[in-house]
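# Architecture and fold: a report
As a plain string of letters, each chain reads:
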Amino acid sequence: MTTPPLRPGLRLRSRTCTAEVVVVRPGPGTGTVECGGVPMTPGDAAAPAVTTDGPGVLLGKRYTDESGTLEVLVTRAGAGPLSLGGVALTVKAAKPLPSSD
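Another aspect to go through is the overall build of the chain. Each helix and strand in the chain was counted, giving 0 helices and 10 strands. Going from N to C terminus, the chain has its helices and strands arranged as β-β-β-β-β-β-β-β-β-β. For the chain, with 101 residues in total, the buried portion stands at 33%. Long-range contacts, defined here as pairs at least 24 residues apart, represent 60% of the contacts in the chain between residues at least 6 apart. Total accessible area on the chain is roughly 6,100 Å²; 57% of this is exposed by carbon and sulfur atoms.

Right, here's the structure in full:
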């Protein structure tokens, strides 16, 4: 099974747990988004056959790579972890608001 190229709005589903994500920003490079070490498939794929235990993928959180070029939004929580080409994705921190002195 081949993974389609990353583009904004692409829905991906994990084959190892219940996690689902939407690509917000695909980044300039190519790569495969993985969950639990297994490449994710397009959103219309069949439900996962196996489950794994992991650190957990949190609903509504945005995950990004080290360079900040790839960004995905979790639409369904799962066991995780998310990675891009074997490198773990991290939760994107919220931008601090300016003080209102």
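Here S83 lies in strand β8 (residues 82-84). Judged by its relative accessible area of 8%, S83 falls in the buried class. Residues S83 and Y63, spaced 20 residues apart in sequence, show a C-alpha to C-alpha distance of 9.3 Å. Setting aside residues up to four positions removed in sequence, S83 forms contacts with T32, V33, E34, A88 and L89.

Within the secondary structure, P55 sits in the loop between β5 (41-42) and β6 (62-64). On a C-alpha basis, the gap between P55 and G80 in space is 6.3 Å, while along the polypeptide they are 25 residues apart. Among residues more than four places away in sequence, those in contact with P55 are A79, G80 and P81.

Moving on, we come to the sheet that holds β5. Strand pairing within a sheet occurs via backbone hydrogen bonds; the two strands may be parallel or antiparallel. Spatial ordering of the open sheet is given by β5-β1-β2-β7-β6-β10, a layout of 6 strands whose pairing is antiparallel. Each having just a single partner strand, β5 and β10 (90-91) make up the two edges of the open sheet. When strand β1 (residues 11-13) meets strand β2 (residues 20-25), the two strands line up antiparallel, connected through 3 bridges. Bridge pairing links R13 to E20 in β2.

With antiparallel pairing between neighbouring strands as the criterion, β1 and β2 make up a hairpin whose turn holds 6 residues. Here β2 pairs with strand β7 (residues 71-76) via 5 bridges, running antiparallel. The partner of V23 across the bridge, within β7, is V72.

Here the focus is the sheet that holds β8. Reading across the sheet, the 4 strands line up as β4-β3-β8-β9 and stay open at both edges, with antiparallel pairing between neighbours. Of all strands in the sheet, those with a lone pairing partner are β4 (38-39) and β9 (87-88), marking the two edges. Across 2 bridges, strand β3 (residues 33-35) lies against β4 in antiparallel orientation. Residue pairing for β4: C35 is matched across the bridge by V38.

Turning our attention to the confidence of the model for the chain. Averaged over the chain, the pLDDT score is 84; the fraction of residues at 70 or greater is 82%. The spread of mean pLDDT over the elements of the chain runs between β5, the lowest at 89, and β6, the highest at 95.

Conventions we followed
- Every chain is numbered independently, its residues counted from 1 as its sequence is written.
- Since the coordinates come from a predicted model, pLDDT governs what is reported: local features require at least 70, and pairs of side-chain atoms require 80 or more to be given and counted, while whole-chain, interface and lining totals use all residues.
- Hydrogens and waters are ignored; side-chain quantities use all the structure's heavy atoms.
- Only runs of H or I of at least four residues qualify as helices and only runs of E of at least two qualify as strands under DSSP, and these elements are numbered from the N terminus.
- Three exposure classes are used, based on accessible area relative to the maximum for each residue type with a 1.4 Å probe and protein chains only: buried under 20%, partly exposed in between, and exposed over 50%.
- Contacts were defined at the residue level, with two residues in contact if any of their heavy atoms lie within 4.5 Å.
- Accessible surface is estimated by sampling points in the Shrake-Rupley manner with a 1.4 Å probe; for residues, cover comes only from the protein chains shown.
- Note on pairing: two strands pair once DSSP finds at least 2 bridges between them.
- pLDDT measures how confident the predictor is about each residue, on a scale from 0 to 100.

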